[in-house]
Structure formats: structure tokens, C-alpha cells
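A closer look at the structure
Listed here are the chains, written in short residue letters.
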Amino acid sequence: MKVLIVGSGGREHAIAWKVAQSSRVEKIYCAPGNAGIEEYAQCVPIGAMEFDKLAAFAKEEQIDLTVIGMDDPLVGGIVDVFEAEGLRVFGPRKNAAILEGSKAFSKDLMKKYNIPTAAYENFTDPRAALEYLETAKFPIVLKADGLALGKGVLICNTLEEAQAGVREIMEDKKFGSAGNTMVVEEFMTGREVSVLTYVDGKTIKPMTSAQDHKRAMDGDQGLNTGGMGTFSPSPFYTEEVDAFCKQHIYQATVDAMAAEGREFKGIIFFGLMLTEEGPKVLEYNARFGDPEAQVVLPRMKTDIVDVFEACIDGTLDQVDLQFEDNAAVCVVLASDGYPVAYEKGFPIHGLEKFKDKEGYYVFHAGTAKKDGQIVTNGGRVLGVVAKGENLKKARANAYEAIDLVEFENKYYRHDIGKAIDEA
Ligand code: AMP
Ligand code: GLY
């Protein structure tokens, strides 16, 4: 089989690595890819939003399966374009990717189908939002409706902060048209857990759980980022929590989408908050998490190409989805200054030390090749992943492994997975 992967980050590197394990795959392409993905795939210089060019490439190269890694093309309808050309593609159509593309849509869906989530109101008029906030309880959460690179969420402690937030999102359009509609949501407290699932329109199969660390600095201080590190599984995601989510959240979401005429095939990523009243949905994403994929996929035993095809064909109920009974930790190596301002273009040394090192992986997020040398090319540069028999061991291994790679202005958090100690 020939497989095309669309995307260019650490998540797509992990997907490419996992697809390369499949005995059914002869050749992998990645568009646009990055310097690390080149180890498994031929990278082609077509952007993830160039749907017609991508579909033409897939036809010309007789690609058997295309896997969409990123949210923007999914929300933009890449799957519909591929399907119209008769191409096989893994991911939700545009009318289902709205589950991630519009927070107002997803909140209304959860309300209609009694899926546990924070109380909320949607607003299209900033004056109405400001009036509502006058009598609201604080802290409160403001969310731009659309995609905003994970940055369109403001947690406001006071009325003044919330008023400024409404201006930023709805009037100054800090997140562009994503802020035409805004969700105002009750603030929840508890542990956060990410659960990625495979979905074939009817059947849903959860993968092993994970937890992200979104803030830039140790102790969950500093600005929100794309994610500074992850661990899997989450010790807080107990069998009891799992049973509750399976009954009230996972299948309910798939059934709700089907009932709305928006059959969902692909990945649903459930961002959950384990509150005192039980698990509630923080958000949905329509793709693998980044850097959740980097700790979940190395622990997956089942051939991923079989699972992708079962999702497309509606036969996921026949798949025996298996994960290793161990743990993994990913520490993101970033450029100092991320997520604000940082220098790039520094040579990266030591990457070869990960070759054939069993249970260790280095997934590239922002790298490039310059004169034959791999250099830093982004805020998040690499995700260093290590497995271990349990979380503590995996964490010790990951922190040992980050010393194998060096580049100027290397920055990372020292406390990825520290929550494990409290479990
Ligand atoms: P989201 O993009 O919706 O996942 O929001 C980003 C982050 O904001 C989440 O990972 C949470 O840490 C936080 N957050 C979002 N919604 C809420 C909420 N209702 N209560 C508390 N924290 C929230
Ligand atoms: N790690 C969070 C996300 O992928 O949205």
C-alpha cells in the first residue's frame, strides 16, 4: 500500500512512524512533512490547505490511503474533496469536523444530548455578552468559537478581565473570525485527561489515556502553549471513570453526531475534566492530540493501517484494539522564548543516538534541513519520548534521554508527569 500523511508536526512524525510498522505499507509520503519525518516518508512540498493539489498528487501517485493529521484541513473540508475524487481518506468530513471547528456547535450538541459538560451561553453580540457577565460568577471562561491554534480560551478571574476578554475576542478579533461567536462557560476544577478514540460512524474504541501540560513553565506557570509534554496512561483515569465515560460521553457523542446527520469517522479526542461531580467534556478535537499522539501511538500494539481502514469501512467493531501494559512520557524540547519570541536555525546534535534505541523515540516538531544538517525551525522543536514499565520509570528514562540531544537555546519543563507522584 501507498499511504499519504497530511501535516508537518510531531504528531505526524509519530503517525508516520506507526504507519511504517505496518507490514502492508510499501511507501509513505508526507505533505509537507519535516526533517524527521523524512526517515519514514518521502516529503512533498504541498501545503496542508492545498486540497486540490493534494488530491491531484494522491491520484497521480495512486495513493491507497490518505491520513489527515491536522485540524485546519479537516475543518476546511479536505475529506470531502478527496472523497469527491474517489480517494480513500481517514478523517471526518467537514460536517462532522465541526465538532472541533465550532465550540458553540459542540456545546449545543452536548446540551441537546445530555452529555456532561460545563454550563454555558453562546453570544454573537458583544453587548449581550457584557450584560450577561454583569451577574456571572467568577472565575469564568471565554472561548472563541472557531479554531485559534489552541489559544482562543481565556480564564477570567474578575469582571474587568472578562470585559477585556470580550473586547479581545469579539471586537478586536484577536483570533480572527474564530471570535464572531463566543462561548461563555462555567469554570470547572479537577484533573484534566485526554482520551483519543477511533470512530467508524457507529462504533467508538478508546485508546489509552494521556495528559498534556499546556503551560510554558514548571508548576503550570506562564503562557499557554501547544503542549510542553505528555504522559500516558493517566493514573487518574480509573476504571470507574472509564466506565462512566463509555456510558455517558463516548458512545453518546457518536450517536448524537449520527442523529444530527453528521456521521463521524476518524479520531475524536475528548478533553475531559474529572470534576467532583464526575467527568465532564472540556472540548472535542477531531484529530490526534499533539503531543498526546507521541505517547499513545508508541504504546499501541494493533496495526494502525488496519484500524484506519476499519474506521473508513465501518467495521471497527471487528478490531481488537490493544495497547501495551506500560507507560510513556514525552518531554518537548522547545526554543527558549517559546511561545512568544525565539531564535531558530541552530544545529541539533545527537539525534543519531536514538536510532535503534529500543523504547526511545525523538519526534520532530519544528526542524529543517540546512546544508545537510538538521537545525531548529520552530518554537516546539522535538518531542523526546521514552517508555518504561510504569510512569515513574518512563519519566526517569525520558529525562535521561533529553541529554542525548543538544542545541543552543534548548528549553524544556522539568516537571512533566510530576502529577504521577500524587496519584
Ligand atoms: P480548550 O481549548 O477548550 O481545551 O481549553 C484550553 C484549556 O483551558 C483547557 O485545557 C483547560 O485547562 C482550560 N479550560 C477550558 N475550559 C475550561 C473550563 N470550563 N473550566 C476550567 N478550565 C477550562
Ligand atoms: N495537546 C492538545 C491538542 O492537541 O489540542
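The rules behind each value
- Residues numbered from 1 in each chain as written.
- Chains lettered and ligands numbered in written order.
- Predicted model: local features only at pLDDT ≥ 70, side-chain atom pairs only at ≥ 80, totals over all residues.
- Heavy atoms only, no water.
- Helix = DSSP H or I, 4+ residues; strand = E, 2+ residues; numbered from the N terminus.
- Rg over C-alpha atoms; globule rule 2.2 N^0.38 Å.
- Buried < 20%, exposed > 50% of the residue type's maximum accessible area, 1.4 Å probe, protein only.
- Contact = heavy atoms within 4.5 Å.
- Near = heavy atom within 4 Å.
- Polar contact = N/O pair within 3.5 Å; in protein donor to acceptor, adjacent residues only side chain to side chain.
- Areas by Shrake-Rupley, 256 points an atom, 1.4 Å probe, with all protein chains shown as cover.
- Nonpolar A, V, L, I, M, F, W, Y, C, P; charged D, E, K, R; others polar.
- Axes fitted to C-alpha atoms, helices over the stretch in contact; angles between N-to-C directions.
- Parallel < 35°, antiparallel > 145°, perpendicular 65-115°, else oblique.
- Left-handed = near helix turned anticlockwise from the far one by under 90°.
- 1 Å grid on protein atoms, 1.4 Å probe; cavity = no way out; pocket = protein on both sides within 12 Å on 5 of 7 lines; lining within 4 Å.
- Points joined across faces, edges and corners; volume = space filled by probe spheres on them.
- Phe/Tyr/Trp six-rings, centres within 6.5 Å; stacked < 30°, edge-to-face > 60°.
- Lys NZ or Arg CZ within 6 Å of the ring centre and 35° of its normal.
- Pairing = 2+ DSSP bridges.

What to know about the overall build of the protein chain
- The secondary structure content of the protein chain amounts to twelve helices and 23 strands.
- Over its C-alpha atoms the protein chain spans a radius of gyration of 21 Å, differing by no more than 12% from the 22 Å that the globule rule assigns to 423 residues.
- With the principal axes as the frame, the protein chain shows a C-alpha extent of 60 × 45 × 45 Å.
- Across the 423 residues of the protein chain, 59% fall into the buried class.
- For the protein chain, the share of sequence-separated contacts (at least 6 apart) that also reach a separation of at least 24 residues comes to 68%.

A few points about the site of ligand 2
- Every residue close to ligand 2 is listed here: D212, G226, F269, N285, R287, G289, D290, P291 and E292.
- D212 places a side-chain nitrogen or oxygen 2.8 Å from a nitrogen atom of ligand 2.
- Here ligand 2, which alone exposes 200 Å², has 89% of that area covered by the protein.
- Here the shell around ligand 2 is built from residues that sort into two nonpolar, three polar and four charged.

Quick notes on unusual backbone geometry
- P32 follows A31 through a cis peptide bond whose omega is -10°.
- Here P32 shows up in strand β2 (residues 27-32).
- Put simply, F138 and P139 share a cis peptide bond, and its omega is -5°.
- Mapped onto the elements, P139 comes out in the loop between α7 (126-134) and β7 (140-144).
- A positive phi is found at N114, a non-glycine position, where the angle reads about 55°.
- Among the structural elements, N114 can be located in the loop between α6 (103-112) and β6 (120-123).
- Backbone geometry places N409, a non-glycine residue, at a positive phi of 60°.

Here's the deal with the site of ligand 1
- In the neighbourhood of ligand 1, 14 residues make up the surrounding shell, with E185, E186, M188, E192 and E283 lying closest.
- With respect to ligand 1, the backbone of E186 contributes an N or O atom lying 2.9 Å from a nitrogen atom.
- Relative to its unbound accessible area of 470 Å², ligand 1 is 91% covered by the protein chains.
- Listed by contribution, the elements that provide at least two residues to the shell around ligand 1 are β7, β8 (153-156), β9 (182-186) and β17 (278-285).
- Of the residues in the shell around ligand 1, the class split is seven nonpolar, no polar and seven charged.

Thoughts on helix α5 (residues 94-101)
- Buried within α5 are the following residues: A96, A97, L99, E100 and G101.
- Those residues of α5 that are buried lie in contact with α3 (71-76), α6, α9 (239-259), β16 (265-275) and β17.

Considerations on the packing of α7 against helix α8 (residues 159-171)
- Orientation of α7 relative to α8, taken along the N-to-C sense of each, is 165°, at an axis distance of 10 Å. Judged by the angle between their axes, α7 and α8 are roughly antiparallel. Between α7 and α8 lies a crossing whose hand is right-handed. Contacts between α7 and α8 pair P126, A129, L130, L133 and E134 from the former with L159, A162, Q163, V166, M170 and E171 from the latter.
- Here the contact of α7 with α8 is composed, by residue class, of eight nonpolar, one polar and two charged.

Let's talk about empty space enclosed by the protein
- In this structure the tally under the stated criterion is two cavities of 30 Å³ or more.
- In this model, the largest cavity occupies a volume close to 80 Å³.
- At the level of secondary structure, the elements contributing two or more residues to the lining of the largest cavity comprise α5, α6 and β17.
- Approximately 50 Å³ is the volume found for the second largest cavity.
- G10, D290, P291, Q294, C330, V332, F363, A365, R380, L382 and G383 together form the lining of the second largest cavity.
- If you list the elements that add at least two residues to the lining of the second largest cavity, you get β18 (327-335) and β22 (380-388).
- The leading source of residues in the lining of the second largest cavity is β22, at three residues.
- Grouping the constituent residues of the lining of the second largest cavity by class yields six nonpolar, three polar and two charged.

Some thoughts on the packing of aromatic side chains
- Applying the stated criterion across every chain, the model contains eleven aromatic pairs.
- With centroids separated by 5.2 Å and ring planes inclined at 80°, the aromatic side chains of Y29 and F57 adopt a geometry described as edge-to-face. Of this pair, Y29 sits in strand β2 while F57 sits in helix α2 (residues 51-60), and the two are 28 residues apart along the sequence.
- Note on Y29: relative accessible area 5%, which makes it buried.
- For F57, a relative accessible area of 12% puts it in the buried group.
- An angle of 70° between the planes, with centres 5.6 Å apart, marks the rings of F270 and Y284 as edge-to-face. Of the two residues, F270 sits in strand β16 while Y284 sits in strand β17, which places them 14 residues apart along the sequence.
- The buried category is assigned to F270, whose relative accessible area is 0%.
- Each member of the aromatic cluster is reached from another via a ring pair, and the members are W17, Y361 and F363.
- The aromatic ring of F236 is capped on one face by R191, whose charged end is 4.0 Å from the ring centroid.
- The ring of Y360 has K357 lying over it, and the distance from NZ or CZ to the ring centre is 4.3 Å.

Digging into the sheet that holds β2
- Taken in spatial order, the five strands line up as β3-β2-β1-β4-β5 in an open sheet, and their pairing is parallel. The open sheet has two edge strands with one neighbour each: β3 (42-43) and β5 (89-90).
- Sheet topology note: the strand β1 (residues 2-7)/β2 ladder contains six bridges and is parallel. If you follow L4 over to β2, its bridge partner there is Y29.
- Most of the contacts of helix α1 (residues 10-20) go to β1, to which it runs at about 170°, and overall it touches β1, β2 and β4 (65-68).

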